Amino acid sequence: MYEPIRSKSVHAMADAPSDIPHRSREEELRIQLAGHLAALLAVTDELGLDEAAQAIATQIARLRGAPPARHTGLTGASAAELHHRALDLAGRALVVAASRADTAAAILTAERMDAHTAALATAELVEA
């Protein structure tokens, strides 16, 4: 009734070529952290926080092995929106930095979270 399978399955992974490059978990986390920091750098540049932007750029250069491209375009978002965005990005970067036990990046992102939280609190006090 059923004919036996005579050829190898096209779905078999056992014969997969070994020359396909694979990244380790550490490499993936490094790439992810550099990406989060690059996004944070863009927002930090837009806020005009030069000293903080330089510290972030230093960490990105350490992770990537090359200095980051600097973002010069403006989104037109308000300062409060930018601080919220930066706070979210710093939080994401902090999680990844903690996962890879990157103390320098974790300290930097925690400091940025504190700075953006303080800026938001000040902005709320001014609006009230």
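Up top you'll find the structure we're talking about.
Every chain begins its residue count from 1, and numbering advances along the sequence as written. The model is predicted, so local features are restricted to residues of pLDDT at least 70 and side-chain atom pairs to those at 80 or more, both for listing and for counting; the totals for chains, interfaces and linings are taken over all residues. The side-chain values count all of the structure's non-hydrogen atoms but skip hydrogen atoms and water molecules.

Caption draft 1: Geometry of the side chain of His36. Labels follow the DSSP assignment, with helices taken as runs of H or I lasting at least four residues and strands as runs of E lasting at least two, numbered in each case from the N terminus. Inspection of the secondary structure puts His36 in helix 1 (residues 25-47). Between buried and exposed lies partly exposed: a residue is buried under 20% and exposed over 50% of the maximum accessible area for its type, with that area taken using a 1.4 Å probe on protein chains only. Overall, His36 belongs to the buried group, its relative accessible area being 18%.

Caption draft 2: Quick look at the packing of helix 1 against helix 2 (residues 50-64). With axes taken as lines fitted to C-alpha atoms, and helix axes fitted only over the stretch in contact, angles between N-to-C directions fall between 0 and 180 degrees. For the pair helix 1 and helix 2, interaxial distance at closest approach is 9 Å and the crossing angle is 155 degrees. Our classification of the angle between helix 1 and helix 2 gives roughly antiparallel. Judged by the sense of rotation from one axis to the other, the crossing of helix 1 with helix 2 is left-handed. Counted together, Arg30, Leu33, Ala34, Gly35, Leu37, Ala38, Leu40, Leu41, Thr44 and Asp45 of helix 1 and Ala52, Ala53, Ile56, Ala57, Gln59, Ile60, Leu63 and Arg64 of helix 2 form the full contact between these two elements. Asp, Glu, Lys and Arg are counted as charged, while Ala, Val, Leu, Ile, Met, Phe, Trp, Tyr, Cys and Pro are counted as nonpolar; the rest, among them Gly, fall into the polar class. Residues that form the contact of helix 1 with helix 2 fall into these classes: 12 nonpolar, 3 polar and 3 charged. Orientation categories follow fixed angle ranges, with anything under 35 degrees roughly parallel, anything over 145 roughly antiparallel, 65 to 115 roughly perpendicular, and all other angles oblique. Note: crossing handedness is left-handed where the near helix turns anticlockwise from the far helix by less than a right angle, and right-handed where it turns clockwise. Whether two residues are in contact is decided by their heavy atoms: any pair within 4.5 Å suffices.

Caption draft 3: Geometry of helix 2. In a regular helix each residue adds 1.5 Å, so 15 residues correspond to 21 Å; helix 2 covers 21 Å between its end C-alpha atoms and thus fits that length. Among all positions of helix 2, only Ala52, Ala53, Ile56, Ala57, Gln59, Ile60 and Leu63 are buried. Take helix 2 and look down its axis: the buried residues cluster within an arc of 160 degrees, on one side only. Facing away from the buried side of helix 2 by more than 90 degrees, the exposed set consists of Asp50 and Glu51. Phi turns positive one or two residues past the end of helix 2, at Gly65, with a value near 85 degrees. In this scheme, a helix's expected span is set at 1.5 Å multiplied by one less than its residue total. The directions from the helix axis to the C-beta atoms form the arc being described.

Caption draft 4: How the structure looks around the packing of helix 1 against helix 3 (residues 79-99). Closest axis-to-axis distance for the helix 1/helix 3 pair is 9 Å, and the angle between their directions is 160 degrees. Judged by the inter-axis angle, helix 1 sits roughly antiparallel to helix 3. Every pair of crossing elements has a handedness; the one defined by helix 1 and helix 3 is left-handed. Along the contact surface, helix 1 presents Arg25, Leu29, Gln32, Leu33, His36, Leu37, Ala39, Leu40, Val43, Glu46 and Leu47, while helix 3 presents Ala79, Leu82, His83, Arg85, Ala86, Leu89, Ala90, Arg92, Ala93, Val96, Ala97 and Ser99. When the residues that make up the contact of helix 1 with helix 3 are grouped by side-chain class, the tally is 15 nonpolar, 4 polar and 4 charged.

Caption draft 5: View of the nonpolar core. Counting 23 residues, the largest nonpolar core has Leu33, Leu37, Leu40, Leu41, Val43 and Ile56 as the members making the most contacts within it. Of all the elements in the fold, those that place two or more residues in this core are helix 1, helix 2, helix 3 and helix 4 (103-127). Ranked by the residues each element gives to this core, the list is headed by helix 1, at 8 residues. Aside from chain neighbours lying at most four places away, what touches Leu40 is Ile56, Ala86, Leu89, Ala90, Arg112 and His116. We call a set of buried Ala, Val, Leu, Ile, Met, Phe, Trp, Tyr and Cys residues a nonpolar core when their side-chain atoms join them within 4.5 Å.

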